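A look at the structure
If you want the building blocks of each chain, they are given just below.
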Amino acid sequence: MQWFGHRPGCARQRWPDYRGPDVLACATCTADLVPRCGMCDVEARMLGVEVGFRHFAFVGLCPACVATVRAAGPWRSRRAAALAARVRTLHEVYPDLEIEHAPSGKRVVMSGVIGDRHVRATLRTGTREHEYERYVFRVALLGEHEVGPLERDVLDFGEAFAPTPSEGSPKITRDDHRWLRVAFLHLGRTDTLTVVDAMLVAAARLDAR
């Protein structure tokens, strides 16, 4: 896999001869770029520079995480098991969150009331092309809030929380309730609890304004 990382207007004319499995990134266009593992966040080691291209050991997942994923079995069964684990974790901590809709096993909608607020969580095993919302959480707002985007700092997930909300999150939406809504592409099993906890606090704070 070759990844040259060019941006529009790059004047570089020479291309390296390398066509191996590792990663090449244009030193002009991507001077500050260092690939990181999508699972453990370790930085890719730079192996050298060739004709103005920085040579990195991997992109996507590091070798150790690739081995872990392969040992866990086919991706369909892995994702199904991960989805089931997230559903169990949410239900164990919040028993009032129950499965409302699970049409195909690829998407589970959980809903219930926590305290005095309706909560709804949509968990998917995958997304369509160019979609960035596998995990969507909604916590009902009690006030007459205006629909629209919010600043990200309205939610405090704590320093140990790594995932970043998808583009356009958080925001206030409205159907049967006014919702504080946030979505993620990647989320760990216990991260789901962090998200719900933070959203409940944020919703109370928004209602108190």
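Our subject in this report is the structure included herewith. (Residues numbered from 1 in each chain as written. Predicted model: local features only at pLDDT ≥ 70, side-chain atom pairs only at ≥ 80, totals over all residues. Heavy atoms only, no water.)

A word on the sheet that holds strand β1 (residues 23–26)
Quick note on the threshold: Paired strands, in this sense, are two strands between which DSSP finds at least two bridges. We count a stretch as a helix when DSSP gives it H or I for four or more residues in a row; a strand needs E for two or more, and each element gets its number in order from the N terminus. Between the N-to-C directions of two axes lies an angle of 0 to 180 degrees, each axis being a line fitted to C-alpha atoms and, for a helix, fitted only over the stretch in contact.
Spatially, three strands are ordered β1-β3-β2 in an open sheet, and the strand pairing comes out antiparallel. Edge positions in the sheet fall to β1 and β2 (46–50), since each of these pairs with one other strand and no more. Taking the axes of each pair of neighbouring strands and ignoring which way they run, one obtains an average angle of 25° across the sheet.

So, the pairing of β2
Where β2 and strand β3 (residues 53–56) come together, four bridges link them in antiparallel fashion. Bridge pairing links Met46 to Phe56 in β3. The hairpin turn running from β2 into β3, its antiparallel successor, is two residues long, and Val51 in that turn takes a positive phi close to 50°.

Quick word on the packing of aromatic side chains
Under the convention used in this document: Here is the rule: rings of Phe, Tyr and Trp (six-membered ring for Trp) pair when centre to centre is within 6.5 Å. Planes less than 30 degrees apart are stacked, more than 60 are edge-to-face, and the remainder are tilted. Exposure classes here rest on a 1.4 Å probe applied to the protein chains alone. A residue is buried below 20% of its type maximum, exposed above 50%, and partly exposed in between.
Under the criterion given, the structure shown has three aromatic pairs. Ring geometry for Phe157 against Phe161: centres 4.6 Å apart, planes inclined by 35°, an arrangement best described as tilted. For the pair shown, Phe157 and Phe161 are each scored as buried. On the basis of an interplanar angle of 65° and a centroid distance of 5.9 Å, the ring pair of Phe157 and Phe184 is categorised as edge-to-face. Pair noted here: Phe157 is in the loop between β8 (148–149) and β9 (171–174) and Phe184 is in strand β10 (residues 178–184), with a separation of 27 residues, a long-range link. For Phe157, a relative accessible area of 16% translates into the label buried. Aromatic ring contacts, followed pair by pair, group Phe157, Phe161 and Phe184 into a single cluster.

Brief notes about helix α3 (residues 191–207)
Along an α-helix, residues three or four apart share an orientation, since each turn contains 3.6 residues. Put simply, the rule reads: Given the number of residues in a helix, its expected span is that number minus one, multiplied by 1.5 Å.
The end-to-end C-alpha separation of α3 is 24 Å, in line with the 24 Å expected for 17 residues at 1.5 Å each. Within α3, the full set of buried residues consists of Asp191, Thr192, Leu193, Val195, Val196, Ala198, Met199, Leu200, Ala202, Ala203 and Leu206.

Considering the pairing of strand β7 (residues 135–141)
The buried fraction of β7 amounts to seven of the seven residues, a majority that puts the element mostly inside the structure. Of the two faces of β7, the one holding Tyr135, Phe137, Val139 and Leu141 and the one holding Val136, Arg138 and Ala140 are both buried throughout. Examined bridge by bridge, strand β6 (residues 117–124) and β7 share five bridges and lie antiparallel to one another. If you follow Thr122 over to β7, its bridge partner there is Val136.

Observations concerning unusual backbone geometry
Of note, the amide linkage connecting Ser169 to Pro170 takes the cis form, showing an omega dihedral of -5°. Following the sequence through the fold, Pro170 ends up in the loop between β8 and β9. Positive phi, close to 70°, is recorded for Asp41, a residue that is not glycine. On the secondary structure map, Asp41 appears in the loop between β1 and β2.

Read these as geometric descriptors, not functional statements.
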